[in-house]
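# Fold and geometry: a report
Each chain, written out:
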Amino acid sequence: QVQLVESGGGLVQPGGSLRLSCAASGSISNRYAMGWYRQTPGKQRELVATIASSGSTNYADFVKGRFTISRDNAKNTVYLQMNSLKPEDTAVYYCNAQCQFITCILGRNYWGQGTQVTVSS
């Protein structure tokens, strides 16, 4: 099974930047789509950004132009570069890996335990 460990969360001021990292066990670049989701108390977990094994990316409208998701195949790590942060970006951010092939059980999802991001002055 895939294990995911997030890091890089913390407290930043509005307009500041932060980079989140998600380290995955084993090789995930050729069979898993990776993504970042976030959740605040009382709300459902929402998609922030995803990146397929092909490199194709997808972003939620509320982060377009501000956040960038990327993959480092050599390190089995995905990143979320967050710029121009707003107070409403405050949430627990979760890393996700989804199997894209039968060989890793198509559709199976794995989640990290989350990292807190707080945007406040």
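Our structure is the block above this text.
Residues numbered from 1 in each chain as written. Predicted model: local features only at pLDDT ≥ 70, side-chain atom pairs only at ≥ 80, totals over all residues. Heavy atoms only, no water.

### Regarding the sheet that holds strand 8 (residues 77-82)
Selection rule: In this analysis, strands are considered paired if DSSP registers two or more bridges between them. Working definition: helices are DSSP H or I runs of at least four residues, strands are E runs of at least two. Numbering for both runs from the N terminus. To get an axis, fit a line to the C-alpha atoms, keeping to the stretch in contact for a helix; angles then go from 0 to 180 degrees between the N-to-C directions.
Sheet architecture is open: four strands sit in the order 1-3-8-7, paired in antiparallel fashion. Looking at strand neighbours, the two that pair on one side only are strand 1 (4-7) and strand 7 (67-72), the edges of this open sheet. The mean angle between the axes of side-by-side strands here comes to 15 degrees, regardless of whether they run parallel or antiparallel.

### Overview of the environment of Thr-50
Let me state the cut-off plainly: We call two residues contacting when some pair of their heavy atoms lies within 4.5 Å.
Within the secondary structure, Thr-50 is located in strand 5 (residues 46-51). A C-alpha to C-alpha distance of 17 Å links Thr-50 and Ser-27, two positions 23 residues apart in sequence. The residues touching Thr-50, leaving out its near neighbours within four places in the chain, are Met-34, Gly-35, Tyr-37, Ser-56, Thr-57, Asn-58 and Ile-69.

### A word on the pairing of strand 5
Alignment of strand 4 (residues 32-39) against strand 5, held across five bridges, turns out to be antiparallel. Of the residues in strand 5, the one forming a bridge with Gly-35 is Thr-50. What sits between the antiparallel neighbours strand 4 and strand 5 is a turn of six residues, in which Gly-42 has the positive phi angle 85 degrees. Note that strand 5 and strand 6 (residues 57-59) share three bridges and pair antiparallel. Counterpart to Ile-51 in the pairing with strand 6 is Thr-57. Taken together, strand 5 and the strand that follows it, strand 6, pair antiparallel across an intervening segment of five residues, in which Gly-55 is found at a positive phi of about 100 degrees.

### Quick notes on unusual backbone geometry
Glycine aside, a negative phi is what most residues show, and trans is what most peptide bonds show. Definition in use: Type-normalised accessible area, obtained with a 1.4 Å probe on protein chains alone, sets the label of each residue: buried when under 20%, exposed when over 50%, and partly exposed for intermediate values.
Residues other than glycine seldom take positive phi values, yet Ser-84 does so here, at roughly 50 degrees. Here Ser-84 shows up in the loop between strand 8 and strand 9 (91-99). Note on Ser-84: relative accessible area 40%, which makes it partly exposed. Positive phi is not limited to glycine here, since Ile-105 has a value of about 65 degrees.

### Here we look at the side chain of Arg-71
Rules: Under this rule, positive means Lys or Arg and negative means Asp or Glu; His and the chain ends count for nothing. We count a salt bridge whenever a side-chain nitrogen from Lys or Arg sits within 4 Å of a carboxyl oxygen from Asp or Glu. Whenever two N or O atoms come within 3.5 Å, that pair is a polar contact, provided that in protein one can donate a hydrogen and the other can accept it, and provided that, for residues adjacent in sequence, both atoms are side-chain atoms.
Within the element layout of this structure, Arg-71 appears in strand 7. No salt bridge forms around the buried Arg-71; measuring N to O, its nearest opposite-charge neighbour Asp-72 is 9.3 Å away. At a separation of 3.0 Å, a polar atom in the side chain of Arg-71 contacts the main-chain carbonyl oxygen of Tyr-32. Engagement of the side chain of Arg-71 in a polar contact is seen with the backbone oxygen of Ile-51, the distance being 3.2 Å.

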